[in-house]
Amino acid sequence: MGTRISVGRAQLTRALAGYRESGLLDNAGEEAIEWFWGYATEHLNLDRDRMAEALEYDATTVHNALAGNRTASLGPMVERIELMRKRVAGRESKLIETPVTRRICEALEYAKNSGSMVVIRGETGRGKTFTVKEWARANNHGRSVYVRCQSGCTKGKLVRQIAEAIGVGTSGKRTSDIEAQVEKGFDRRRTLIVDEAGHMVPTHGRSGRDMLDLLRDIHDMCESGVVFVFTSVYWDEIQTGRMAPFFEQFIGRIGYNLHIPEGHLFREEIAAIVRAHGFDDDALPLAAEIAKEEGKLRVLFRDLANARVFAKSSGGKLDGKMLKGARAWRHSGGARKEDTI
């Protein structure tokens, strides 16, 4: 791992404000630098040399520009960022458009455009995590921030996760100081996505309430869109559990509540996935059966991927027969006939 650039999020914010006041940067230029900072945070670990290499620019020049040490035009660097931005945007998305992924993206767009609190909920294995991560990747690096709430998460851990996602340093700092910097790092243009939000649902005590209060403050004070991705079982706890009275205020703030119905798959959804993997339509009935198994779409994606591997190695056709073989291989625990004695 290389050396992280010695510029913090707060310093970058001051630098951009100074450039605006002095006329060195317009709105488009500021947006470009914000995008680059977000990309470098997410993909380059804010590594000084990797950031310079990505722009094909001198590392010292990049550092000085982000630190606020430029007194001349920032035009050439902004131009390089825009070229890089086009290259990144041109990379093919792995997201398959289905009725479900379309609705998830619509909910995310609503949060971004209106600065609302949004809930996306449904059973496990419906592609919620993959879709929100792909959307965040495609929508303004550094503007759309994705974090995953881990089991046993606390407010302190969540604050640090969000801080690191937006490039705020956390080493040796108190949680209260980090929280203050996080709040300064969010505004009307940002969207925060919290996956596995069910791990914040408190059954007793203050821990979960503190985390929800933090996110509510980011929404209320910073006017940022905040998206909560729930597995259905946790949403049921919110509505009917012993802490339901506490959640009334939380539920009242939700501007868009997307429910992916449990136990229902769409024909168009299965067809889009199967065709995207290059299979003939004769694989659709079996694919629908696989998607109803435990694990749902996750299992279907794995079987389709394994079937592609088998087809490539055998020279076979991507059809229902090949998918049937992949399913049988999984059900057997990966055993082949030649493995037996």
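Residues numbered from 1 in each chain as written. Predicted model: local features only at pLDDT ≥ 70, side-chain atom pairs only at ≥ 80, totals over all residues. Heavy atoms only, no water.

### Points about the layout of surface pockets
Working step 1: The volume enclosed by the largest pocket comes to roughly 600 Å³.
Working step 2: The wall of the largest pocket is formed by 29 residues, among which Arg126, Gly127, Phe130, Arg298 and Phe301 lie closest to the centre.
Working step 3: Elements with a contribution of two residues or more to the lining of the largest pocket: helix H6 (99-114), helix H7 (128-138), strand S4 (225-231), helix H13 (267-276) and helix H15 (297-314).
Working step 4: Among the residues making up the lining of the largest pocket, the classes are represented as ten nonpolar, nine polar and ten charged.
Working step 5: There is about 350 Å³ of room inside the second largest pocket.
Working step 6: The wall of the second largest pocket is formed by 14 residues, among which Glu42, Ala136, Ser144, Val145 and Tyr146 lie closest to the centre.
Working step 7: For the lining of the second largest pocket, the elements supplying multiple residues, two or more each, are helix H2 (27-43), H7, strand S2 (144-148) and helix H8 (155-165).
Working step 8: The element that contributes the greatest number of residues to the lining of the second largest pocket is H7, accounting for five residues.
Working step 9: A class-by-class count of the residues in the lining of the second largest pocket yields five nonpolar, four polar and five charged. (1 Å grid on protein atoms, 1.4 Å probe; cavity = no way out; pocket = protein on both sides within 12 Å on 5 of 7 lines; lining within 4 Å. Points joined across faces, edges and corners; volume = space filled by probe spheres on them. Helix = DSSP H or I, 4+ residues; strand = E, 2+ residues; numbered from the N terminus. Nonpolar A, V, L, I, M, F, W, Y, C, P; charged D, E, K, R; others polar.)

### A look at empty space enclosed by the protein
Working step 1: Taken as a whole and judged by the stated rule, the model has two cavities of 30 Å³ or more.
Working step 2: Within this model, the largest cavity holds a volume of roughly 50 Å³.
Working step 3: If you trace the largest cavity, you find it lined by Leu212, Asp213, Arg216, Phe246 and Phe250.
Working step 4: Contributing elements (two or more residues each) for the lining of the largest cavity: helix H10 (207-222) and helix H12 (244-252).
Working step 5: No other element matches the three residues that H10 contributes to the lining of the largest cavity.
Working step 6: Here the residues of the lining of the largest cavity are counted per class, giving three nonpolar, no polar and two charged.
Working step 7: By volume, the second largest cavity amounts to about 40 Å³.
Working step 8: If you trace the second largest cavity, you find it lined by Pro99, Val100, Arg103, Leu258, His259, Ile260, Pro261 and Phe266.
Working step 9: Breaking the lining of the second largest cavity down by element, the ones donating at least two residues are H6 and strand S5 (254-259).
Working step 10: In the lining of the second largest cavity, the residues fall into six nonpolar, one polar and one charged.

Such coordinate-based values are descriptive only and should not be taken to indicate function.
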